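Residue-level structure breakdown
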Amino acid sequence: MDSPQAYHEYHAALAALRWQLEMGASEAIGDVPVSRFDLPEKSPASRPRRRAAPPPAVSPTAAPAAATPDPVTLARQAAAAAADLPALEAAIAAFEHCELKRGARNTVFADGHPSARVMVIGEAPGRDEDRLGRPFVGRAGQLLDRMLAAIHLDRTAEGANGVYITNVLPWRPPQNREPTPEEMAMLTPFLERHVELAAPDLLILMGNTPCQALLGRRGITRMRGKWDQAMNLPVMPMFHPAYLLRNPAAKREAWADLLEIQDRLRHLAPDGRPAPQRG
Ligand code: URA
């Protein structure tokens, strides 16, 4: 780099590019950047004049236009119509009423084997999950794998040692922000159908977001480690692995919760499915 200024400009451009990738930009639409600040302002005369729209003609006998169902109703209908997991995945991928979808690179549906006795539910894809289209593949996911391995569960296994993993949200929220109540309301019907179709023996809820979606409340510090029930299934709320990465001291509680789950799996009357075996 020739001068300090060129060096500075190079790093500023690189940072701007990284930021755009982070925001989900995946395509260049011009060879030369356009600075909208430098474009001449359009004079009022050159702007197309908008005519005031005439009032709609109302016939006294016309039937009222059918109201479009709201996105939550549409989500419920789409979820209920899915007869199996591939149909549910297709229904989510075709759902166009959630803005998050527009900012995401991939729809992240699930990982692991759906016949597993244990279903883990996280919050939403992060950057790595959005890029690869699979849940829990970043640092938090690697910790999750190690935690599950400690009680002989493995997302690559089938049968007794298998585990099935999904999230409340199939699309990454911008900058990993928390889902809004509207997004939760719209996407929870898909999650509930997902649980129904996978039919696990128990659920592990990672952090507040899945607790809010399936138990209707949050407060993971108080809720963790205590069995609850949702959709007629035993539910164990746990600290999210991303929280454990930031607060390693809380791993002690997570370990206790994992042992609880292991114990429950041993004693839960399995519908013909055996308890996890040591690897
Ligand atoms: N955090 C989550 O809750 N889910 C993922 O898939 C990744 C990180």
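Summarised in this report is the structure supplied together with it. What you see is a predicted model, and the numbers here were worked out from it, not measured in a lab.

1. Here we look at the pattern of salt bridges
- Counted under the stated rule, the structure contains 13 salt bridges.
- Across the pair Asp 111 and Arg 134 runs a salt bridge, and its minimum N-O distance is 2.9 Å. Here the residue Asp 111 occupies a position in strand S1 (residues 111-112), and Arg 134 occupies one in the loop between helix H5 (127-132) and helix H6 (139-150), the gap between them amounting to 23 residues.
- Taking relative accessible area as the criterion, Asp 111 reaches 15% and is therefore assigned buried.
- Assessed through its relative accessible area of 38%, Arg 134 is described here as partly exposed.
- With its nearest N and O atoms 2.6 Å apart, the salt bridge here joins Arg 117 to Asp 201. Of the two residues, Arg 117 sits in the loop between S1 and strand S2 (118-122) while Asp 201 sits in the loop between helix H7 (181-198) and strand S4 (202-206), which places them 84 residues apart along the sequence. One exposure class covers both Arg 117 and Asp 201, and it is buried.
- One connected set of salt bridges, linked through shared partners, spans Glu 96, Glu 99, Lys 101 and Arg 102.

2. Observations concerning the pairing of strand S3 (residues 163-167)
- Where burial is concerned, most of S3 is hidden: five out of the five residues are buried.
- The alternating pattern of S3 places Val 163, Ile 165 and Asn 167 and Tyr 164 and Thr 166 on opposite faces, both of which are buried.
- As paired elements, S1 and S3 share two bridges and run antiparallel to each other. In the sheet register, Gly 112 faces S3, and the bridge partner there is Tyr 164.

3. Quick notes on the packing of H7 against helix H8 (residues 208-215)
- Running from N to C, H7 and H8 point in directions that differ by 75°, and their axes come no closer than 10 Å. As judged from the angle between their axes, H7 and H8 are roughly perpendicular. Residues Met 184, Thr 188, Leu 191 and Glu 192 of H7 form the contact with H8, whose own contacting residues are Thr 209, Gln 212, Ala 213 and Leu 214.
- Of the residues in the contact of H7 with H8, the class split is four nonpolar, three polar and one charged.

Cut-offs and rules
Residues numbered from 1 in each chain as written. Predicted model: local features only at pLDDT ≥ 70, side-chain atom pairs only at ≥ 80, totals over all residues. Heavy atoms only, no water. Salt bridge = Lys/Arg side-chain N within 4 Å of Asp/Glu carboxyl O. Helix = DSSP H or I, 4+ residues; strand = E, 2+ residues; numbered from the N terminus. Buried < 20%, exposed > 50% of the residue type's maximum accessible area, 1.4 Å probe, protein only. Pairing = 2+ DSSP bridges. Axes fitted to C-alpha atoms, helices over the stretch in contact; angles between N-to-C directions. Parallel < 35°, antiparallel > 145°, perpendicular 65-115°, else oblique. Contact = heavy atoms within 4.5 Å. Nonpolar A, V, L, I, M, F, W, Y, C, P; charged D, E, K, R; others polar.

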